[in-house]
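Each chain, letter by letter, is given below.
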Amino acid sequence: MTYIPIQSLDRLRLSIKMNIQEYVPLAKYTTFKIGGPARYFCAAKSEDDILEAVRFAKEKKIPVMVIGGGSNLLVSDAGFNGLIIRCGIKGIEFKDAGKRSVLIEAGAGEDWEDLVAQAVERGLYGVENLSAIPGTVGASPVQNIGAYGFDVSGSIDMVRALDTKTMKFVKFSNSECNFSYRNSRFKHEKGRYIVSKVTYRLAKEGKADASYKDLVEYFGKRKIADPTLKQVRQAVIEVRKAKLPDWRSWGTAGSFFKNPLIDAEHFKRLKREYPEIPGFPEADGRIKVPLGWIIDKVCNSKGLTIGNVSTYEKQALVVVAKPGATATEVIGFANEIMRRVKEKTGIQVEAEVEWAVA
Ligand code: EPU
């Protein structure tokens, strides 16, 4: 008779209970549709699943990476030699919070666009400008998603996450999330926290904000002076559709790079050379410059194609990949764009897209 050590049985039970799969191809879990397999993969449906999956990884001493909709992620061709946790915690609850606001508590695995659609349907203000962004609720605070003049940090009340250091779930108020442009404490302390739930505070009454250039043009053309909440949502959906590639038909992760923040002196120098360059002052005195404009107008690289990879013909900040493209090709292409920008402007560009490699 063979005895199986208790420890091995425990591990076996754990992996069956958590449904940890091995060698799972990740390409289909990302909007780039690129990348090799995850050594281990767990589709987590509850906070307990997350906890147990992290315990599993700690025991095996392997890295953990959490993915949501995979819409801001490039997986290496060799895959990820660790545990990928795909967070699928569901549930959206609307809670009345007095005269002015409503709290929305949502599981990290909910689809972001579903949440926005429901909020606007109920006449709640605060996320309408963030319509049609692919991805999950859990990703929204991590990278502080933003579009058309709004960052989600303006509507977040609380974030609940597993602290993988202490293995306890903790809550962060808005100010404790340390939000900034496409950044948060969850990104700074990379890998430490796994978001399980997000609470948003939306306003019952308000005025939809259509002051972003593209929205001004949209409503100007239609002679609508005071757009409603639903009209702003519709406008954002249409503007995005016209400018950004549909990830269902392209391999893409939207903006591949962040818009750089440069100091005022640097901006002055660029303005002398390129008088048309737009710039938006930030609270700290730095200037945010639209990199799409630079790639397009300064580097003449809108629509540039190298092999299977291009900058999108209608928005140069967006990188698109044809079927068959590899992660190595995409990175090579991105490096070439970064080199061109650096050469012409002195700006060191940062990628916005996360890079899964281990
Ligand atoms: N521009 C060009 N050529 C281009 C692209 C842009 O001249 O090829 C100019 C535009 O005309 C405009 C300026 O650059 O004057 C800014 O362009 P746009 O309004 O399209 O916004 P962006 O700064 O390129 C950011 C977000 C997008 C978001 C839009 C709209 C980042 C990294 N990207 O792009 O987010 O949809 O604003 O608010 O901040 C994403 O994160 O994946 C994303 C798509």
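Treat the numbers as computed from the prediction; the structure is a model and nothing was measured.

**A few points about the packing of helix α6 (residues 213–221) against helix α7 (residues 229–243)**
The interhelical angle for the contact between α6 and α7, taken along N-to-C directions, is 110°, at an axis separation of 10 Å. As far as their axial angle goes, α7 and α6 are roughly perpendicular. Here α6 contributes D214, L215, Y218 and F219 to the contact with α7, which in turn contributes Q231, V232, Q234, A235, V236, E238, V239 and K243. For the contact of α6 with α7, the residue count by class is seven nonpolar, two polar and three charged.

**Here we look at the site of the ligand**
Every one of the 23 residues lining the ligand counts as a neighbour, but Y148, Y181, R182, Y212 and Q315 are closest to it. Between the ligand and the protein, one listed contact pairs an oxygen atom with a side-chain N or O atom of K243 at 3.1 Å. N259 places a side-chain nitrogen or oxygen 2.8 Å from an oxygen atom of the ligand. Contact with the protein chains covers 87% of the free accessible surface of the ligand, which is 810 Å². Every element with two or more residues in the shell around the ligand is listed here: α7, β13 (251–255), α9 (291–298) and β19 (315–321). When residues of the shell around the ligand are assigned to their parent elements, the largest contribution, four residues, is made by α9.

**Points about the packing of aromatic side chains**
Across all of its chains, the model carries eleven aromatic pairs by this definition. A centroid spacing of 5.0 Å and a plane angle of 80° characterise the contact between F172 and Y193, whose relative ring orientation is edge-to-face. Here Y193 lies in strand β12 (residues 193–203) and F172 lies in strand β11 (residues 168–173), a separation of 21 residues in the sequence. Judged on exposure class, the residue F172 and its partner Y193 are both buried. With a centroid separation of 6.0 Å and 85° between ring planes, the pair formed by F186 and Y193 is classed as edge-to-face.

**Some thoughts on the sheet that holds strand β2 (residues 37–44)**
Taken in spatial order, the four strands make up an open sheet running β1-β2-β5-β3, and their pairing is mixed. The open sheet is flanked by β1 (20–25) and β3 (64–67), the only strands paired with a single partner. On average, each strand axis in the sheet is inclined to that of its neighbour by 35°, with strand direction left out of account. As paired strands, β1 and β2 are joined by five bridges and run antiparallel to one another. If you follow V24 over to β2, its bridge partner there is A38. Taken strand by strand, helix α2 (residues 47–60) contacts β1, β2, β3 and β5 (80–87), and its axis lies near 170° from that of β5.

**Observations concerning the side chain of T199**
In this structure, T199 sits in strand β12. T199 sits in the buried class, given a relative accessible area of 3%. Contact partners of T199, with chain neighbours within four places excluded, come to L103, I104, E105, S155, I156, D157 and M158.

**Looking at the pairing of β3**
Along any regular strand, the residues point their side chains to alternate faces of the sheet. Side chains M65 and I67 project from β3 onto a buried face, and the interleaved V64 and V66 project onto a face without burial. Relative to β5, β3 is paired through four bridges, and the arrangement is parallel. Paired with M65 across the strands is I84, a residue of β5.

**A closer look at the environment of V341**
Structurally, the position occupied by V341 is in helix α10 (residues 327–345). Relative accessible area serves as the criterion here: at 0%, V341 is assigned to the buried category. Among residues more than four places away in sequence, those in contact with V341 are L291, I294, I295, C299, G346, I347 and V349.

Criteria and cut-off values
Residues numbered from 1 in each chain as written. Predicted model: local features only at pLDDT ≥ 70, side-chain atom pairs only at ≥ 80, totals over all residues. Heavy atoms only, no water. Axes fitted to C-alpha atoms, helices over the stretch in contact; angles between N-to-C directions. Helix = DSSP H or I, 4+ residues; strand = E, 2+ residues; numbered from the N terminus. Parallel < 35°, antiparallel > 145°, perpendicular 65-115°, else oblique. Contact = heavy atoms within 4.5 Å. Nonpolar A, V, L, I, M, F, W, Y, C, P; charged D, E, K, R; others polar. Near = heavy atom within 4 Å. Polar contact = N/O pair within 3.5 Å; in protein donor to acceptor, adjacent residues only side chain to side chain. Areas by Shrake-Rupley, 256 points an atom, 1.4 Å probe, with all protein chains shown as cover. Phe/Tyr/Trp six-rings, centres within 6.5 Å; stacked < 30°, edge-to-face > 60°. Buried < 20%, exposed > 50% of the residue type's maximum accessible area, 1.4 Å probe, protein only. Pairing = 2+ DSSP bridges.

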